[in-house]
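Close look at the chain arrangement
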Amino acid sequence: MRYAEYLTRLNSISVVVDFHNDKIQDITNIGLSSPQKLTIKTKSNTMEVTLPVPIHGHPKLSNLRLDTGKCLSLTINLEESPDQKRAQLATSQSFMFQYNTKWSCKDLQNKTPRGGTLGNANEFSFRCIGCNATIINSVDYKFQDMPSEFWYELMDFWHCHKPENNQHHEKSYEGSLKLANDEMVIIGNHYLLVNKCSGVVISHGEEVNCAQCGTFLGAVYQNTLRLLKWRLSLEYNVDGIPKIEKFPSYLFIYNTFIDKINSLATRKFMFSHKGKQWFFWVMNVSLDIAINETALKNTLKILYYSDNDDVPITDDESSFYN
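Numbers given for residues are sequential positions, taken from 1 along each chain in its written order. It should be noted that, the model being predicted, local features are given only for residues of pLDDT at least 70 and side-chain atom pairs only at 80 or more, the latter also being counted only at that level, while totals for whole chains, interfaces and linings use all residues. Hydrogens and waters are ignored; side-chain quantities use all the structure's heavy atoms.

1. What to know about the overall build of the protein
- Helix and strand assignments follow DSSP, with helices taken as H or I runs no shorter than four residues and strands as E runs no shorter than two, numbered in order from the N terminus. In terms of regular secondary structure, the protein is built from 4 helices and 21 strands.
- Partly exposed residues are those whose accessible area sits between 20% and 50% of the maximum for their type, while under 20% is buried and over 50% is exposed, using a 1.4 Å probe and protein chains only. Within the protein, the fraction of its 322 residues that count as buried is 39%.
- Should any heavy atoms of two residues lie within 4.5 Å, those residues are considered in contact. By sequence separation, contacts in the protein at least 24 residues apart represent 52% of the contacts at least 6 residues apart.
- With the model as given, the accessible surface of the protein reaches about 18800 Å², and the carbon-plus-sulfur share is 50%. A 1.4 Å probe and the Shrake-Rupley method give the accessible areas. Residues count as covered only by the protein chains that appear here.

What follows is the structure, given as structure tokens:
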């Protein structure tokens, strides 16, 4: 196991490597074979470690130690450049951790084709995950992103608290979210809001199902239909070749983490899965890391625990909704 993490504020890379067969005294050389590859040589072995970011200039090595579990750890202190200083300043001044949502307006504009019956607009459709029936066709709707997942709290603040008028009494916001018309679709981080999908979905109380096959699609939310993205598939054509995308249900958990961190600065979470409770502590966001040979950008660092660890988290579509 080889793990490396770029610490932006410290401008350094922390590296941890399993080191079972050699002793730290046997290390003969530590150096860079390329800007993003660290090489550790011993008397009998050579190990290459992928780094999360490329290294330039003259880095310095520090904190070299071998723990009792035969785990080698070290720190690479990077040479600070003007670009890195500006990036660190921007990070420290940014209140919210930003992320791009799958199937947002920007995502749909970037990947789906334009032209045909819609002229300069994008052509795509959202279909039932069970029978592939068309639920929302872009020909019939206009799309907008949900401005915020915590819009209700913002409306409460904007409409009910007016310190400039010396209003100190408490008053709660009693409004509800209303779409402008039946041709409007609001895109949230894990759902689509629409007033109605005539003939293609049916609602039973609070539950919304596909009219053709009965597949569960979502729920009624404040007089609108909230269709869950992981109960739909996205279909579009690229150069005449049909493309079908699915929405992993685990993105619901990820996006919920980010929303709560942004709106409430919450870092501890609990959710239920198949009757078991899972506990998460988000230790850091927007991390660049490398695990073995794979470098990853904008990751979450999480400590998690379950009251029954023999129950794995699976991509079960409905369990995350309940």
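2. Here's the deal with the sheet that holds strand 5 (residues 46–50)
- In this analysis, strands are considered paired if DSSP registers two or more bridges between them. One open sheet holds the 3 strands; their spatial order is 3-4-5, and the pairing between them is antiparallel. The strands lining the two open edges of the sheet, one partner per strand, are strand 3 (27–34) and strand 5. Within the sheet, the average angular offset between the axes of one strand and its neighbour, ignoring direction, is 20 degrees. Angles shown run from 0 to 180 degrees and are taken between the N-to-C directions of axes, each axis being a line fitted to C-alpha atoms and, for helices, limited to the stretch in contact.

3. With respect to the environment of Glu183
- On the secondary structure map, Glu183 appears in the loop between helix 3 (151–160) and strand 11 (184–187).
- You can call Glu183 partly exposed: its relative accessible area is 43%.
- With 13 residues separating them in the primary sequence, Glu183 and Lys196 have C-alpha atoms 8.6 Å apart.
- Here Glu183 is in contact with Asp140, Tyr141 and Lys142, once residues within four sequence places are set aside.

4. Considerations on the pattern of salt bridges
- Here a salt bridge means any side-chain nitrogen of Lys or Arg lying within 4 Å of a carboxyl oxygen belonging to Asp or Glu. Taken as a whole and judged by the stated rule, the model has 8 salt bridges.
- Across the pair Asp107 and Lys111 runs a salt bridge, and its minimum N-O distance is 3.0 Å. In this pair, Asp107 and Lys111 both sit in helix 2 (residues 105–111), 4 residues apart, roughly one turn of the helix.
- Note that Arg127 and Glu235 form a salt bridge whose closest N and O atoms lie 3.2 Å from each other. Of the two residues, Arg127 sits in strand 8 (residues 125–128) while Glu235 sits in strand 17 (residues 232–238), which places them 108 residues apart along the sequence.
- Overall, Glu235 belongs to the buried group, its relative accessible area being 17%.
- Residues participating in the shared-partner salt-bridge network are Lys102, Asp107, Lys111 and Glu245.

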